[in-house]
Amino acid sequence: MIRPALPYLLVAVLAGLGVYGILARRHAVLVLIGVELLLGAAGLLLVTVAQTGAAGDPGAQVLTLFVITIAAAEVVVALAVLLALFRARGHVDLHAPLEQRHTPGAAEVER
């Protein structure tokens, strides 16, 4: 049986770093890392609660495996979107204003 204080402390540190990464960062990849830290904290919390509880139900471990699977798929999709954003804008700064694409007006089309 593990002592629950250390895993709970680690969950709190991971969740705090994840929230800081999401709220304070401007770079999209660092925000994505913050989301992954939060998902890791949630998985660790689920496994810790299941191990320290007296029920012995493996539901938390199964749910954690689903969270890991969904997180892997989320990373793939998010990195694909960020790559497309980088190719279009040249940067992935989330606080930068969006550039307006130039659409030709009626006078330019007739030329």
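For the structure, see preceding data.
Residues numbered from 1 in each chain as written. Predicted model: local features only at pLDDT ≥ 70, side-chain atom pairs only at ≥ 80, totals over all residues. Heavy atoms only, no water.

(A) Summary view of a nonpolar patch on the surface. Taken together, the side chains of L6, L9, V13 and L17 present a nonpolar region at the surface, about 400 Å² in accessible area. Secondary-structure assignment places L9 in helix α1 (residues 5-24). Here L9 falls in the exposed class, since its relative accessible area comes to 53%. (Patch = residues over 30% accessible without salt bridge, like charges linked within 9 Å, V, L, I, M, F, W, Y side chains within 5 Å. Areas by Shrake-Rupley, 256 points an atom, 1.4 Å probe, with all protein chains shown as cover. Salt bridge = Lys/Arg side-chain N within 4 Å of Asp/Glu carboxyl O. Helix = DSSP H or I, 4+ residues; strand = E, 2+ residues; numbered from the N terminus. Buried < 20%, exposed > 50% of the residue type's maximum accessible area, 1.4 Å probe, protein only.)

(B) Main features of the packing of helix α2 (residues 28-52) against helix α3 (residues 59-89). Following both chains from N to C, one finds α2 and α3 inclined at 175°, their axes separated by 9 Å at the closest point. One finds that α2 runs roughly antiparallel with respect to α3. For the pair formed by α2 and α3, the contact residues are A28, V29, L32, V35, E36, L39, G43, L46, V47, A50 and Q51 on the first element and A60, Q61, L63, T64, V67, A71, E74, V75, A78, L79 and L82 on the second. The residue makeup of the contact of α2 with α3, split by class, is 16 nonpolar, 4 polar and 2 charged. (Axes fitted to C-alpha atoms, helices over the stretch in contact; angles between N-to-C directions. Parallel < 35°, antiparallel > 145°, perpendicular 65-115°, else oblique. Contact = heavy atoms within 4.5 Å. Nonpolar A, V, L, I, M, F, W, Y, C, P; charged D, E, K, R; others polar.)

(C) Structural context of the nonpolar core. Among the nonpolar cores identified, the biggest contains 5 residues, and these are A28, L32, A78, L82 and V92. Contributing elements (two or more residues each) for this core: α2 and α3. Setting aside anything within four residues of it in sequence, one finds V92 in contact with R26, H27, A28, L82, L85 and F86. (Core = buried A, V, L, I, M, F, W, Y, C linked by side-chain atoms within 4.5 Å.)

(D) Geometry of the packing of α1 against α2. As a packed pair, α1 and α2 sit with axes 7 Å apart at the nearest point and diverge in direction by 160°. Relative to α2, the element α1 lies roughly antiparallel. Handedness of the crossing formed by α1 with α2: left-handed. Listed contacts from α2 to P7, Y8, L10, V11, L14, A15, L17, G18, V19, G21 and I22 of α1 are L30, V31, G34, V35, L37, L38, A41, L44, L45, T48, V49 and T52. Here the contact of α1 with α2 is built from residues that sort into 18 nonpolar, 5 polar and no charged. (Left-handed = near helix turned anticlockwise from the far one by under 90°.)

(E) Just α3, in detail. The terminal C-alpha atoms of α3, which comprises 31 residues, lie 44 Å apart, in line with the 45 Å expected from a rise of 1.5 Å per residue. All of the buried residues along α3 are A60, T64, A71, A78, L82 and R89. On its buried side, α3 packs onto α2. With its phi angle positive at about 90°, G90 sits one or two positions after the end of α3. (Expected span 1.5 Å × (residues − 1).)

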